[in-house]
Amino acid sequence: MVICHCAVVSDQEIRSQIRAGALDAADVAERCGAGIKCGGCSPIVEALLAEAGVSIRRAYAAA
Ligand code: FES
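A quick note: this is a predicted structure, and the numbers were derived from the prediction, not measured.

1. What to know about the side chain of Gln-17
1) Next: Secondary-structure assignment places Gln-17 in helix H1 (residues 11-19).
2) Next: Looking at Gln-17, the relative accessible area reads 14%, which means it is buried.
3) Next: Residues contacting Gln-17, with those up to four places away along its chain left out, are Ala-22, Arg-31 and Cys-32.

2. Some details on H1
1) Next: Burial in H1 covers these residues: Asp-11, Ile-14, Gln-17 and Ile-18. Burial along H1 is one-sided: seen end-on, the buried residues are contained in an arc of 125°. In H1, the exposed positions that point more than 90 degrees away from the buried face belong to Gln-12 and Arg-19.
2) Next: Gly-21 sits one or two positions beyond H1 and adopts a positive phi of about 125°.

3. Considerations on the nonpolar core
1) Next: In this structure, Ile-14, Ile-18, Val-28, Ala-34, Val-45 and Leu-49 are the most contacted members of the largest nonpolar core, which totals 15 residues.
2) Next: Contacts of Ile-18, omitting those with residues within four sequence positions, involve Val-28, Leu-48, Leu-49, Ala-52, Val-54 and Arg-57.

4. Thoughts on helix H3 (residues 42-51)
1) Next: Among the residues making up H3, those that are buried are Val-45, Leu-48 and Leu-49. Projected down its long axis, H3 shows its buried positions confined to an angular sector of 100°, all on one face. H3 presents Pro-43, Ala-50 and Glu-51 as exposed residues on the side facing more than 90 degrees away from its buried surface.
2) Next: Of the residues one or two after H3, Gly-53 is the one with positive phi, at around 70°.

5. Points about the packing of H1 against helix H2 (residues 25-32)
1) Next: The interhelical angle for the contact between H1 and H2, taken along N-to-C directions, is 110°, at an axis separation of 10 Å. The orientation of H1 relative to H2 falls into the category roughly perpendicular. The two elements H1 and H2 meet at a crossing, and its hand is right-handed. For the pair H1 and H2, the contacting residues are Glu-13, Ile-14, Gln-17 and Ile-18 in the first and Val-28, Arg-31 and Cys-32 in the second.
2) Next: Across the contact of H1 with H2, the residue classes tally to 4 nonpolar, 1 polar and 2 charged.

Conventions we followed
Residues numbered from 1 in each chain as written. Predicted model: local features only at pLDDT ≥ 70, side-chain atom pairs only at ≥ 80, totals over all residues. Heavy atoms only, no water. Helix = DSSP H or I, 4+ residues; strand = E, 2+ residues; numbered from the N terminus. Buried < 20%, exposed > 50% of the residue type's maximum accessible area, 1.4 Å probe, protein only. Contact = heavy atoms within 4.5 Å. Arc of directions from axis to C-beta. Core = buried A, V, L, I, M, F, W, Y, C linked by side-chain atoms within 4.5 Å. Axes fitted to C-alpha atoms, helices over the stretch in contact; angles between N-to-C directions. Parallel < 35°, antiparallel > 145°, perpendicular 65-115°, else oblique. Left-handed = near helix turned anticlockwise from the far one by under 90°. Nonpolar A, V, L, I, M, F, W, Y, C, P; charged D, E, K, R; others polar.

Below you can see the structure in the form of C-alpha cells.
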C-alpha cells in the first residue's frame, strides 16, 4: 500500500528502512523520501516506527 503519495513510497519500503536501522521520521525521509514534501504521511510513518518499537532501539542507540 502506498503511504507517501508525494514520493510514492509503500509501507513495505518504510518497514524495510526501519528494519535497516532508521531511528526516526527524519531518518526514514532521508532514506526513502517518505515525508519530505507535504508531510501528510508523517503520522503513518510515526505509527510504523512505533509499531516496530523504534523508541526502544533509539534509547539503546543513545546509551
Ligand atoms: S504524502 Fe508523504 S510527503 Fe506528502
